[in-house]
Amino acid sequence: MTNRVQQFIKANATAYAKARIVFKAIEAKDFATTLAEAGITGGDIRVYATIYVAEQSGVNPHPSQRGDNLVFKKDTAEYNRVKYLVDVATGVREVRAVK
């Protein structure tokens, strides 16, 4: 490890320790497998993410055009949050990052 790296870690010890924990969790976690072990696969991931975002944000989703799912209005913070969660959980974000 270079001297610069060691100096940075020493100068930012508390913040780096917390960031390190987060980064390790991100790299070590296989979200899709964890969800599948709970019986949540495919399109169900979006349903669970929508309910989670509704609970966390206090914003109620509305029925989709077909009425078979609950959704948020497109391009709202809640819609984008669901999309992000689904993309991370299914590995789409990881694939995009590699490209």
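This text goes with the structure placed above it.
Residues numbered from 1 in each chain as written. Predicted model: local features only at pLDDT ≥ 70, side-chain atom pairs only at ≥ 80, totals over all residues. Heavy atoms only, no water.

Student: Just checking my understanding: could you explain a nonpolar patch on the surface for this structure?
Tutor: The grouping of V47, Y48, I51 and L70 at the surface amounts to a nonpolar patch, some 360 Å² of accessible area in total. A total of three residues in the nonpolar patch trace back to one element, the largest contributor, which is helix 4 (residues 44-57). Mapped onto the fold, L70 is located in strand 2 (residues 70-71). Classification of L70 as partly exposed rests on a relative accessible area of 38%. (Patch = residues over 30% accessible without salt bridge, like charges linked within 9 Å, V, L, I, M, F, W, Y side chains within 5 Å. Areas by Shrake-Rupley, 256 points an atom, 1.4 Å probe, with all protein chains shown as cover. Salt bridge = Lys/Arg side-chain N within 4 Å of Asp/Glu carboxyl O. Helix = DSSP H or I, 4+ residues; strand = E, 2+ residues; numbered from the N terminus. Buried < 20%, exposed > 50% of the residue type's maximum accessible area, 1.4 Å probe, protein only.)

Student: Is there a simple way to think about the nonpolar core in this case?
Tutor: The nonpolar side chains of a soluble globular protein tend to be buried, and buried together. Formed by I40, I45, A49, V53, A54, F72, V82, V86 and A89, the largest nonpolar core amounts to nine residues. When residues of this core are traced back to their parent elements, those giving at least two are helix 4 and helix 5 (77-90). Broken down by element, the residue count for this core peaks at four residues, all from helix 4. For V53, the contacting residues outside a window of four places in its chain are G58, F72, E78, R81, V82 and L85. (Core = buried A, V, L, I, M, F, W, Y, C linked by side-chain atoms within 4.5 Å. Contact = heavy atoms within 4.5 Å.)

Student: I would appreciate a short explanation of helix 4 in the present structure.
Tutor: Each turn of an α-helix holds 3.6 residues, which means side chains three or four residues apart point in the same direction. Here helix 4 is 14 residues long and its end C-alpha atoms lie 20 Å apart, about the 20 Å a rise of 1.5 Å per residue gives. Every buried residue belonging to helix 4 is among I45, A49, T50, V53 and A54, and all of these are buried. End-on view of helix 4: buried residues confined to an arc of 165°, all on one side of the axis. Opposite the packed face of helix 4, turned more than 90 degrees from it, sit the exposed residues Y48 and E55. G58, located one to two residues past helix 4, shows a positive phi value of around 80°. (Expected span 1.5 Å × (residues − 1). Arc of directions from axis to C-beta.)

Student: Looking at this model, I keep getting lost on the environment of V88. Mind explaining?
Tutor: Here V88 is to be found in helix 5. Distance in space between the C-alpha atoms of V88 and F31 is 7.7 Å, their sequence separation being 57 residues. Once residues within four sequence positions are removed from consideration, V88 is found in contact with F31 and R93.

Student: Sorry if this is basic, but what is going on with the pattern of salt bridges here?
Tutor: Think of it this way: side chains of opposite charge can pair up when their charged atoms draw near. This structure, assessed with the given rule, holds two salt bridges. Residue D68 pairs with R66 through a salt bridge whose shortest N-O separation is 4.0 Å. When its relative accessible area of 74% is taken as the criterion, R66 is described as exposed.

Student: Any chance you could explain helix 5 here in plain terms?
Tutor: The end-to-end C-alpha distance of helix 5, which contains 14 residues, comes to 20 Å, matching closely the 20 Å that a straight helix rising 1.5 Å per residue would cover. All buried positions along helix 5 are accounted for by E78, V82, V86, D87 and A89. Downstream of helix 5 by one or two residues, G91 has phi in the positive range, about 90°.

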